[in-house]
Every structure is written in C-alpha cells, then in structure tokens.
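What follows is the residue order along each chain.
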Amino acid sequence: MLGLMQDWPLTVDKILDRAARYFGDTEIVTRRTDGSVHRTNYAQVHARAKQVSGALKGLGIAAGDRVGTLAWNGARHMESWYGAMGIGAVLHTLNPRLHPDQLAWIINHAQDRVLIFDTSFLPLVEAVRERVSVEHYVIIADAAEMPENQLDAICYEDWIAAAGVDTPWGGFDENSACGLCYTSGTTGNPKGVLYSHRSNTIHAMMAISKDCFDLGSHDTVMPVVPMFHANAWALAFAGPMAGAKMVMPGPGLDGRSIHELLTDERVTLTAAVPTLWMGLLEYMRANDLALPWLKRVCIGGSALPERILRAFEEDYGVEVGHAWGMTECSPIGSVSHVPRDLADAPLDEVLPHKLAQGIPLFGTELRVIDKAGEPVARGSGDSGNLQIRGVAVVSSYFGGEGGEILDTDNWFDTGDLAALDAEGAIHLTDRSKDVIKSGGEWISSIDLENAVLSHPLVSNAAAIAIPNEKWGERPLLIIQPEAGPAPTEEELRSFLDGRIASWWMPDEFRFVEAIPLGATGKVNKLKLREMYADGELAAI
Ligand code: ADP
C-alpha cells in the first residue's frame, strides 16, 4: 500500500523561492574583485536569478543543457546558479585554478553551451576559446566594466536587464540533473559528477543539521570554500535554505581579507580547507586579533591538523567541525562526532574525536573493508578501504567515464583508507594513492604530517613515499617552515620521537619555501613526487 501524501518534487528553485518569500531582506554581501563590498538580499537575488533564466532561454538554453561558470563566490554567481538550475539547465562550475588544457578538456567533455565568467578570468577564457565549442560567453560585469575581448561576449547586466522576472521555475522531475562538477583527475582524466535536484536538496537539508553546519535564519554564513569546489560544500544551497545571511568573499582569500569580513559582517559560520585557515591564524597571531562573532568553523577537504583545531578552540573560542567528503558525495560524507558523555569534557579529552573524520550524516552509510572484502571491526585499529553509499552519492560518472563504479550493493569505493574507532567513527589514514608502504606495513602520511605540524616552527608539511631497496618505500617529510628561523633536522627528529612509532621516523627531510597546492587548496603530492624525481627537493 502506498502512502497518501502529496508529491512535492524536491527541486532547488524552491530553496531560493522560500528564502525570497520569508527572508527577502536578509543580506547577501559580496567582496568584489576590485575589493569593494556589494550588498543585496534574497528578494533581489531571486528576481535577478529569474532574469538570468529568461536571458538563458533567450539564448535557446533548455532543460538538460549545460551552463558553465568560472567565478568566485559572489551574489551574481549565485544568481547564475539558480537562474540556470531553475529552468532545468545544468550548472557546471569550473575551477579557474586548473591548467588551461584541463579546463578546455572539461568544458568540451561537459559540452557547455554558455560560459558565464568573472572579468578577471577573461585571459584564461581567451586562452582556451580556440579549443572549446562554447556558443555564448557572458562576462559578469555592467556596461562600464565590460573589458575589450575577442569573444563577442555578452555583458551580464545588460543581458539580464532585458529579461523579465516571470520565467517559471521547476515543473520537472526531482531526479533531473541540476549541477555538474569534475573531480580533480589526479589519476586519469577528470570525471564529472552530475548532481540531481533531489540529491542537492536533500544534501543541503543534511548539511544544515545541528551536528554538521548547525545553520539557522539568525546565522551569517561565509563560504570561503569556493562554489566551484563541490558546491561550496553545499553552502550555496544550505545558506538560503536556512534563511541565513550570506557573505561571499570573492577572490580575497588572504588572512587580512577573511578576517575583515568575519568581523565586519559578524559571520557566525564559515568553512574551508585547512591550508586556508593557516593563513588566517598566522595573520591574527601577528596582529593580535580576535574572532568575536564566529561560533563555528567547518574544516575539511584534507585532514585537520591538531594545531589548527587547538588554535580555533583554545585561543579564539570557536567550535571546530571536521568534515570528510568528496565531490562524489555532494560532498559531505561524515562529520567529527564527540560522544555524548564527553560533551562537556576538556579539549584534550575530546581531541581524538575531533581529529577523526567522524560519522556519516543521516542519508549516507559508510563502511570499511579489508583486502578480503570483509568489514573491519570497530576499535580494531585495522585500516581498510572506505566505502560509501547514500542519497547524495554518485552512481556513475557523466558520460559513463570510468564505467561501472558501484559494487552490487551500491557501495562506492572512495579511494581512501580508514580505521574505525570504538564508536564507529572513521579515522582516515591515507588516500590509497598516497600510501607509504614500508617493509609491507603502512605508514599513515596523514598521521605523520599531523605529528610534525604540531611543531611551532612548521607551517605546512607533506609526507611522500620514496623508493628504498630494503624496505620497498620509506617516508620523506617535506617541511614548509614558518617565517623566521627554520627548525633543524635534529630538532624535528627529537620532536617526532615518541609522537610516532619509531619505524615511521622519516629517513629524509626536505625544506621548501612553499609546498605546492592543487586547484582546491590541498597539498599537491603528485607535484611533490615529480619535484623529488627531478632532484628539485634539495636536502637540508
Ligand atoms: P580532489 O581532492 O581530488 O580534488 P575532492 O575535493 O573530492 O577531490 O577530494 C576528496 C578527497 O579529499 C577525499 O577522498 C579524501 O582523500 C580527502 N579528504 C576530504 N576530507 C578529508 C578529511 N577531513 N581528512 C582527510 N582527507 C580528506
């Protein structure tokens, strides 16, 4: 027997409809490329997103067509999202930090018909234009800001001004495609993850829940994580869904710019990868600043170093949520979880739980399996392959790239290795492609990096495997020192002594001025391995 309830398709246009209806004058603040601060609100963004829909229709864009964006976080980027998604077109966020060859490949693979982009990316777009089959280019600018270009580009403000605000939204199946995002492709070609309206809506509902973002209409949320990095971790949906004020930082992601917005706009929740917070913390320490309004910061994308956790919680009184996820799971897969009986315990006691990647949100299931495919026991300390399935997890890649990716029970193998603690929370030990295997045993590069990152003179660190005749592989630790006197190798060895198993002690250390970061701000180990092979990492 079926239930007798209404069919109310979960489509993302309803998120902005409601935000405009009930939180119409709640602000959306954007720091633009020129540094100026622009203010609008949900009512205006809604009306302008409707105009984007009309303008896209005017270009012949229909349901299922791909619309690309190359833009920083900002109100006009949000209008483009909702404008495209509202009429059933597929919004494809492109990462401007990618190499032009990769960008061209992705645009063509996605068959983007329109490309909407920030003025600052004009040189990048012009560099790929000969190689891509985009039909229309739209520059996010008004007539006065419009740069000269070879693209016959449309001026965003003129384009939407000519369209009405009454283009209807929705009316399609909630399983229709909604957004497209490519994974970084550190192995093989990038692969497209095609989100549906249903998956994005439910994922946003999961994300605003207390144990994840804890987001409500009295909050002010600043997605520092870019909208092109896995949907700004759901925040461009979760913010309007909660009716929260939004602060969009644009391209200014340095410590000073971030701190200014966090303070001036009284941001209560923010989120980004660890490397970004290192910049903010350094800036605040150097200038003796505080964070009077911020209540919670969500950190993920790579493992949370103890030092960052301690700094936020102990020095600035900000609660840290540590999330694990991937583009393939929309992206949030799990969030750190402190057991109930430790709710009021001091940080030292809850630390292991906060540093772990935690438990899945409702809507997602996780398991860890050993080489024989058997589930790893909780609390055993054994590490195995982390697998995921759920309502917002990929079932296959766009265009069938990579073939079948699920097993018969729908489990998707994440390529990550994890152990389970006694409560069932995951503790990530490595990405399988980054594993260091010494004498047949695994050394966790994440744990090794975290151990050395607790040293006050170490700004960033990366462990990679280097070939070794006797052991197969041994760890090499690459250190980016803080400004000022660098620690010596002896200091680092004695610091690590007792913090890691003795056989994990790196055979070699290298210092670099700056550890290379990939397109989403994470340490680029592929590049570091290349640098090592090319002799570019000189011994200390
Ligand atoms: P990519 O890094 O390949 O561009 P994603 O942003 O989807 O693509 O990254 C997903 C990967 O990032 C995960 O598979 C995992 O290896 C890593 N990751 C994400 N969150 C965490 C975390 N909290 N701790 C450790 N690793 C993480």
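Think of each chain on its own: its residues are numbered from 1, step by step along the sequence as written. The predicted origin of the model limits local features to residues at a pLDDT of at least 70 and limits the giving and counting of side-chain atom pairs to 80 or more, whereas totals for whole chains, interfaces and linings rest on all residues. Values reported for side chains reflect all heavy atoms of the structure, with hydrogen atoms and water molecules removed beforehand.

The split into domains, and so the bounds of each, comes from an automatic or database assignment of domains. For the protein chain, the assigned domains are domain 1 (15-197 + 232-242), domain 2 (352-431) and domain 3 (436-533). Computed over C-alpha atoms only, the centres of domain 2 and domain 3 are separated by 26 Å. In what follows, residue pairs with any heavy atoms lying within 4.5 Å of each other are defined as contacts. Domain 2 puts six residues into the contact, and the matching count from domain 3 is seven residues. Throughout, the accessible surface (probe 1.4 Å) given up by two parts as they are put together, summed over both, is called the buried area. Between domain 2 and domain 3, the buried area comes to about 580 Å², and carbon and sulfur atoms account for 49% of it. Think of a salt bridge as a Lys or Arg side-chain nitrogen and an Asp or Glu carboxyl oxygen that are within 4 Å of each other. Summed over the shared surface of domain 2 and domain 3, the number is zero salt bridges. The definition of a polar contact used here is a pair of N or O atoms within 3.5 Å, where within protein one atom must be able to donate a hydrogen and the other to accept one, and adjacent residues in sequence count solely through side-chain atom pairs. Inspection of the region where domain 2 meets domain 3 yields three residue pairs in polar contact (both at pLDDT 80 or more). At four residues, the largest contribution of residues to the side of domain 2 that touches domain 3 is made by strand S20 (residues 426-431). Classification used: nonpolar for Ala, Val, Leu, Ile, Met, Phe, Trp, Tyr, Cys and Pro, charged for Asp, Glu, Lys and Arg, polar for all others including Gly. Looking at side-chain class alone, the side of domain 2 that touches domain 3 contains two nonpolar, three polar and one charged residues. Going along the chain from the N terminus, every DSSP run of H or I of four or more residues is numbered as a helix, and every run of E of two or more is numbered as a strand.

Okay, the pattern of salt bridges next. Oppositely charged side chains can form a pair if their charged atoms are brought close together. Across all of its chains, the model carries 29 salt bridges by this definition. Put simply, Arg-76 and Glu-157 hold a salt bridge, and the shortest N to O gap is 2.8 Å. Taken as a pair, Arg-76 in helix H3 (residues 75-86) and Glu-157 in helix H6 (residues 156-161) lie far apart in primary sequence, 81 residues in all. Take Arg-76 and Glu-157: they sit in the same class, and that class is buried. Working definition: with a 1.4 Å probe on protein chains only, accessible area under 20% of the residue-type maximum means buried, over 50% means exposed, and in between means partly exposed.

This brings us to the site of the ligand. Looking at the ligand, there are 17 residues lining it, with Ser-184, Ala-323, Thr-327, Asp-416 and Lys-522 nearest. The separation between an oxygen atom of the ligand and a polar side-chain atom of Arg-431 is 2.9 Å. Broken down by secondary-structure element, the contributors of at least two residues to the shell around the ligand are strand S14 (319-325) and S20. With four residues, S14 is the largest single contributor of residues to the shell around the ligand. Near residues are defined by distance, with any heavy atom within 4 Å of the molecule or strand qualifying the residue.

In this section: the packing of helix H1 (residues 13-22) against helix H2 (residues 42-58). The convention used is that axes are lines fitted to C-alpha atoms, helices contributing only their stretch in contact, and that angles between N-to-C directions extend from 0 to 180 degrees. Two numbers describe how H1 lies on H2: the axes approach to 8 Å, and their chain directions differ by 140°. As far as their axial angle goes, H2 and H1 are oblique. With respect to the hand of their crossing, H1 and H2 are arranged in left-handed fashion. Along the contact surface, H1 presents Leu-16, Asp-17, Ala-19 and Ala-20, while H2 presents Tyr-42, Ala-43, Val-45, His-46 and Ala-49. When grouped by side-chain class, the residues that make up the contact of H1 with H2 number seven nonpolar, one polar and one charged. Oblique is the label for any angle not covered by the other classes, which are roughly parallel (under 35 degrees), roughly antiparallel (over 145) and roughly perpendicular (65 to 115). Here a crossing is taken to be left-handed if its near helix is turned anticlockwise relative to the far helix by less than a right angle, and right-handed if that turn runs clockwise.

Right, let's get into the sheet that holds strand S19 (residues 412-420). At least two bridges found by DSSP between two strands is the condition for calling them paired. Pairing within the open sheet is antiparallel, and its four strands lie in the order S17-S18-S19-S20. Looking along the sheet, the strands with just one partner apiece sit at the ends: strand S17 (364-369) and S20. Taken pair by pair, the neighbouring strands of this sheet meet at an average axis angle of 45°, ignoring direction.

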